[in-house]
Amino acid sequence: MSINLFFVLILGLLLGMYGYFAPNYAAVHEVKEVPKIELIDFTLYEISHKGIDHILEGDEGKKFDEYYVITSAKFSDNTKNLFHTIQADNVDYRNDIIKLNGHVHYKRDDGLEFRSNEGIYNTKASLIDTRGSFVITQNKNRIDGNGLLYNTEAKTVSANQVHGSYQLK
């Protein structure tokens, strides 16, 4: 065997090893959105010339470029006729739309409350929408149903499969 053939075989073996053991950078380079701000046990106030407009509280919050993700969140709105709060276990807040998931509880100053497991609150349109079951209470009155659509400004409600009890004075 000639020396040239020996070096060609060694070169082929080295190139084969390089091709087989070369690192795969595509699998390592995973793009993940990183939050700009992370807060623990926080309260945020939105203040205007009228006073405090909104209060956002939570156990853990992350602010990304276009949205917030919050756990154990409570959103209070002081811009409407009646002060009201809505809270849930998990919240995704984007473009004036609050997506609520887990133990949703809405409460208004006049005593009206509703509970559900999930919901969507459009802060601009003043609409609360739930797909699942809900319970509305006010004083001794109670309404159970599915698929609630509640306009907090116009105070109108529509729902499916409604059962209720109403106490006359």
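Cut-offs and rules
Counting restarts for each chain: residues are numbered from 1 in the order of the written sequence. Predicted model: local features are reported for residues with pLDDT of at least 70 only, side-chain atom pairs are reported and counted for 80 or more only, and whole-chain, interface and lining totals are derived from all residues. Side-chain figures throughout are based on the complete set of non-hydrogen atoms in the structure, without hydrogens or water. Secondary structure follows DSSP: runs of H or I at least 4 residues long count as helices, runs of E at least 2 residues long count as strands, and numbering of each begins at the N terminus. Each residue's exposure class comes from its accessible area (1.4 Å probe, protein chains only) as a fraction of the maximum for that residue type: buried when under 20%, exposed when over 50%, partly exposed otherwise. Contacts are residue-level and defined by heavy atoms, with any inter-residue pair within 4.5 Å sufficient. Candidates for patches are residues over 30% relative accessible area with no salt bridge; among them, like charges are joined within 9 Å and nonpolar side chains (Val, Leu, Ile, Met, Phe, Trp, Tyr) within 5 Å. Methods summary: accessible areas were calculated by the Shrake-Rupley approach with a probe of 1.4 Å, and residue burial reflects only the protein chains presented. Note on definitions: salt bridges are taken to be side-chain nitrogens of Lys or Arg within 4 Å of carboxyl oxygens of Asp or Glu. Neither His nor the chain ends contribute to the count of charged residues, in which Lys and Arg are positive and Asp and Glu negative. Charge positions are represented by NZ for Lys, CZ for Arg, CG for Asp and CD for Glu. Here is the rule: rings of Phe, Tyr and Trp (six-membered ring for Trp) pair when centre to centre is within 6.5 Å. Planes less than 30 degrees apart are stacked, more than 60 are edge-to-face, and the remainder are tilted. Charge over a ring is defined by NZ of Lys or CZ of Arg lying within 6 Å of the ring centre and within 35 degrees of the ring normal. Note on scores: pLDDT gives the predictor's confidence for each residue, bounded by 0 and 100.

## Quick notes on the environment of Asn101
Alright, step 1. Assignment of secondary structure puts Asn101 in strand β5 (residues 97-108).
Alright, step 2. Owing to a relative accessible area of 44%, Asn101 belongs among the partly exposed residues under this scheme.
Alright, step 3. Here the alpha-carbon distance between Asn101 and Ser116, two residues 15 residues apart in the chain, equals 8.9 Å.
Alright, step 4. With residues up to four places along the chain from it excluded, the contact list for Asn101 reads Ala88, Asp89, Asn90, Asn117 and Glu118.

## Concerning a negative patch on the surface
Alright, step 1. The grouping of Glu38, Asp41, Asp59 and Glu60 at the surface amounts to a negative patch.
Alright, step 2. Sorting the residues of the negative patch by element identifies β1 (37-48) and β2 (51-63) as the ones contributing at least two each.
Alright, step 3. Tracing the chain through its elements places Asp59 in strand β2.

## Focus: the packing of aromatic side chains
Alright, step 1. Evaluation of the coordinates by the stated rule reveals 8 aromatic pairs.
Alright, step 2. Aromatic pair Tyr106 and Phe114: ring centres 5.5 Å apart, planes at 25°, arrangement stacked. Taken individually, Tyr106 and Phe114 each receive the classification buried, so the pair is uniform in this respect.
Alright, step 3. With a centroid separation of 5.7 Å and an interplanar angle of 75°, the aromatic rings of Tyr106 and Tyr150 are classed as edge-to-face. Residue Tyr106 is found in strand β5, and its partner Tyr150 is found in strand β9 (residues 141-151); the two are separated by 44 residues along the sequence.
Alright, step 4. Of the residues examined, Tyr150 reaches a relative accessible area of 4% and is grouped as buried.
Alright, step 5. Among the aromatic residues, those joined into a ring-pair cluster are Tyr68, Phe75, Tyr93 and Tyr121.
Alright, step 6. For Lys63, the ring lying beneath its charged end belongs to Tyr68, and the centroid distance is 5.5 Å.
Alright, step 7. Above the plane of the ring of Tyr67 lies Arg94, whose end atom (NZ or CZ) is 3.7 Å from the centre.

## Digging into a nonpolar patch on the surface
Alright, step 1. Judged by side-chain polarity, Ile3, Phe6, Phe7, Ile10, Leu13, Leu14, Met17, Tyr20 and Phe21 come together as a nonpolar surface patch covering roughly 1000 Å² of accessible area.
Alright, step 2. Among the structural elements, Ile10 can be located in helix α1 (residues 3-21).
Alright, step 3. Relative accessible area serves as the criterion here: at 34%, Ile10 is assigned to the partly exposed category.

## Some remarks on the confidence of the model for the protein
Alright, step 1. Mean pLDDT over the protein works out to 86, with 94% of the residues at or above the 70 mark.
Alright, step 2. Looking across the protein, the model is least confident in helix α2 (residues 25-28), with a mean pLDDT of 62, and most confident in β5, with 92.

## Some words on unusual backbone geometry
Alright, step 1. Backbone geometry places Asp41, a non-glycine residue, at a positive phi of 45°.
Alright, step 2. Relative to the helices and strands, Asp41 resides in strand β1.
Alright, step 3. The class for Asp41 is exposed, based on a relative accessible area of 63%.
Alright, step 4. Backbone geometry at Asp96 places phi at a positive 65°, although glycine is not the residue there.
Alright, step 5. Here Asp96 is to be found in the loop between β4 (84-94) and β5.
Alright, step 6. For Asp96, a relative accessible area of 29% puts it in the partly exposed group.

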